[in-house]
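Observations on chain architecture
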Amino acid sequence: MLQLKASRFKKGMSLLVEDNPHVDYFYIIQSGQVAVPNMKGLQTSEKMQVMGPGDFIGVISCMAHKRQVESAFAATDTVVIGVQRNQYAELITTNTPIALKIIRTFAKRMKLLNESLMSQTLNRKASEDPAQIFQIARYYDNDGQEAVAAFAYYQFLKLQRSGQATEAAKKKFAELKPHTRAVYFEPTGEMTRKYPRGTMVFCEFQSGAEMFIIQSGSIKITKVMNGTEVTLAILKAGDMFGEMALLSNDLRSASAIANEDCVLLTINKQNFSKMVESQPAMIAKLTTTFAERLWKMQRQLMNSQLVGFPLEKMIDRLSIELEAMNYNDSEKAELQTNFSSADIATMSGLTKQEQAKTIFRFEKSGLVNVIKNKLFIPNCAEVIKQAGFNRKQILKTQQRM
């Protein structure tokens, strides 16, 4: 039988402290109010969130099993219920509304974070301008990835009916489609879909209302940034992706491409509702996936605030990748990565003018080696510790300015 413990906090006491090591519990507020300062750079006019009974705090770091990315303190005398990470599946079995509230809150937070990151890191906003999809299609066309390009040209043509780019896209799509393996240009009623290697599941800036669970194979999540494809993640069997579009009807924030032949389970709004009620283990997995994505997005937003410190931004961005792979500052493991210094520089939002000089300093920092153009990390713990030290020093500098 599920047993949960209540804790009392006097007004002004801290419940969460940013950057503390991860904990295996989160809180549901039973009475009182808890204040959570909004992160610097978040696209909101509110400096503080005030949470009340029924709200929850600390779920992101708890379910992602990562260090804290937010602080919280009692705005009034407060009573909270502690939920252990391993109790979550049992909790939502008997209380589905809690899971739905957490997931919907996560979706709203993801939208806000994505808008903030697009605005600050990439200096642009996600919009329904079809020209953005056309540029992606043209990039993959020029790169010889015909199936990906054909799919992206099709998505562009769905939105753009006239103009010079439309005529060019029609011509290219007609040329590419007959001899590509691109599939599922339109959603179907099939719950199970097969995607050959090198085909696109969805395109950045495309609208959509489905998420996917990988049953076999792997999926590459990418963005085309500054004329270069950047790999954000390689997802494997059991992983989920595309959830933001399902829950909030947002445009896709990145592209998904089959990294090898894939079988995907498709979840739409209708079968998602049934899944919530009948498969608590699956919802627990989805909550963990959301928490991991949110944790990383919040750390990326922190990274975007390191303005004027390009080397420190690159070290911090590398630290984000290591922590996302569940390395921490006590693990002195070495790691051969799949990304280059240029990938880290681009993900850090460095300008082309900053990149060459900063990459040189980064590779001479003693924290990384380069093997066949890919980064080798001789000591993961040292990178994470150095990044944390840099963030604290830069924050002190910014507060004095």
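Presented here is an overview of the structure given in this document. (Residues numbered from 1 in each chain as written. Predicted model: local features only at pLDDT ≥ 70, side-chain atom pairs only at ≥ 80, totals over all residues. Heavy atoms only, no water.)

Section: the overall build of the chain
A tally of helices and strands in the chain yields 13 helices and 19 strands. For 401 residues, the compact-globule formula gives about 21 Å, and the C-alpha radius of gyration of the chain, at 22 Å, lands near that figure. With respect to the principal axes defined by its C-alpha atoms, the chain has extents near 70 × 55 × 40 Å. Partitioning the contacts of the chain with sequence separation of at least 6, the portion at a separation of at least 24 is 74%. Accessible surface for the chain amounts to roughly 19,300 Å². Of this, 50% is attributable to carbon and sulfur atoms. If the 51 positive side-chain charges of the chain are averaged to one point and the 39 negative ones to another, these points end up 3 Å apart. (Helix = DSSP H or I, 4+ residues; strand = E, 2+ residues; numbered from the N terminus. Rg over C-alpha atoms; globule rule 2.2 N^0.38 Å. Contact = heavy atoms within 4.5 Å. Areas by Shrake-Rupley, 256 points an atom, 1.4 Å probe, with all protein chains shown as cover. Lys, Arg positive; Asp, Glu negative; His and termini not counted. Charge placed at Lys NZ, Arg CZ, Asp CG, Glu CD.)

Considering the pattern of salt bridges
Inspection of every chain in the model, using the stated rule, returns 17 salt bridges. For Asp19, the salt bridge is made with Arg391, and the minimal N-O distance between the two is 3.1 Å. Of this pair, Asp19 sits in the loop between strand E2 (14-16) and strand E3 (25-31) while Arg391 sits in helix H13 (residues 380-400), and the two are 372 residues apart along the sequence. Residue Asp19 is classed as partly exposed on the basis of its relative accessible area of 22%. Here Arg299 makes a salt bridge to Glu323, at a shortest N to O gap of 3.7 Å. Of this pair, Arg299 sits in helix H9 (residues 280-304) while Glu323 is found in helix H10 (residues 310-324), placing the two residues 24 residues apart along the sequence. Pair check on accessibility: Arg299 and Glu323 agree, each one buried. Beyond isolated ion pairs, a larger network of salt bridges with shared partners links Asp19, Arg67, Arg299, Asp316, Glu323 and Arg391. (Salt bridge = Lys/Arg side-chain N within 4 Å of Asp/Glu carboxyl O. Buried < 20%, exposed > 50% of the residue type's maximum accessible area, 1.4 Å probe, protein only.)

Considerations on the packing of aromatic side chains
Tallied over the full model, the rule gives 15 aromatic pairs. Taking 6.3 Å as the distance between ring centres and 65° as the angle between the ring planes, the aromatic pair formed by Phe26 and Tyr88 counts as edge-to-face. Placement of the pair is Phe26 in strand E3 and Tyr88 in helix H2 (residues 88-94), with a sequence separation of 62 residues. Assessed through its relative accessible area of 0%, Phe26 is described here as buried. In this structure Tyr88 comes out as buried when scored by relative accessible area, which is 1%. With a centroid separation of 5.1 Å and an interplanar angle of 80°, the aromatic rings of Tyr139 and Tyr140 are classed as edge-to-face. What links up through ring pairs into an aromatic cluster is the set Phe151, Tyr154, Phe173 and Phe185. Positioned above the aromatic ring of Trp295, the side-chain terminus of Lys66 is 5.8 Å from the ring centre. Across from the ring centre of Phe202, 4.0 Å away, lies the NZ or CZ of Arg252, which sits over that ring. (Phe/Tyr/Trp six-rings, centres within 6.5 Å; stacked < 30°, edge-to-face > 60°. Lys NZ or Arg CZ within 6 Å of the ring centre and 35° of its normal.)

Things to note about helix H4 (residues 131-142)
In this model H4 runs 16 Å from its N-terminal to its C-terminal C-alpha over 12 residues, within 8% of the 16 Å that 1.5 Å per residue would give. For H4, every residue scored as buried is listed here: Gln132, Ile133, Phe134, Ile136, Ala137, Tyr139, Tyr140 and Asp141. As for H4, its buried residues are in contact with helix H5 (146-159), helix H6 (164-176), strand E10 (200-202), strand E12 (219-225), strand E13 (228-235) and strand E15 (255-258). Looking one or two residues past H4, Gly144 carries a phi angle of roughly 80°, positive in sign. (Expected span 1.5 Å × (residues − 1).)

Regarding H5
In this model, H5 (14 residues) spans 20 Å end to end at C-alpha, consistent with the 20 Å of a helix rising 1.5 Å per residue. Buried residues dominate H5, accounting for 10 of its 14 residues. Within H5 the residues assigned to the buried category are Ala147, Val148, Ala149, Ala150, Phe151, Ala152, Tyr153, Gln155, Phe156 and Leu157. As for H5, its buried residues are in contact with H4, H6, E10 and E15.

With respect to the pairing of E15
Regular strands show a simple pattern: their side chains alternate between the two faces of the sheet. Alternating residues of E15 divide into Ser255 and Ile257 and Ala256 and Ala258, and every residue in both groups is buried. Bridge count for E10 against E15 is 2 bridges, and the pairing is antiparallel. Across the sheet, Phe202 pairs through a bridge with Ala256, a residue of E15. Examined bridge by bridge, E12 and E15 share 4 bridges and lie antiparallel to one another. Looking at E15, one finds that Ile219 is bridged to Ala258. (Pairing = 2+ DSSP bridges.)

Focus on unusual backbone geometry
With a phi angle near 60°, His65 is a residue other than glycine that sits in the positive phi range. In this fold, His65 is placed in the loop between helix H1 (59-64) and strand E7 (72-74). Phi angles above zero are rare outside glycine, and Lys372 is one such case at about 50°. Along the chain, the position of Lys372 falls in the loop between strand E18 (369-371) and strand E19 (374-377).

Some remarks on the side chain of Arg317
Along the chain, Arg317 turns up in helix H10. Among the polar contacts listed, one links the side chain of Arg317 to the side chain of Glu321, at a separation of 2.5 Å. (Polar contact = N/O pair within 3.5 Å; in protein donor to acceptor, adjacent residues only side chain to side chain.)

Description of the nonpolar core
Phe26, Ile28, Tyr88, Ile102, Phe106, Ile267 and Phe272 are the most contacted members of the largest nonpolar core, which has 43 residues in total. With 10 residues, H9 is the largest single contributor of residues to this core. Not counting residues within four places of it along the chain, the set of residues in contact with Phe272 comprises Ile103, Leu246, Leu247, Ile267, Ile283 and Leu286. Counting residues in each nonpolar core, the second largest holds 25 residues, with Phe134, Ala147, Phe173 and Leu176 among its members. (Core = buried A, V, L, I, M, F, W, Y, C linked by side-chain atoms within 4.5 Å.)

Digging into the sheet that holds strand E8 (residues 78-84)
Judged by pairing direction, the sheet is antiparallel, and its 4 strands sit side by side in the order E1-E8-E3-E6 without closing on themselves. Taken across any chain shown, the strands that pair with only one partner, and hence form the sheet edges, are strand E1 (5-9) and strand E6 (56-57).

These values are about where atoms sit, not about what they do.
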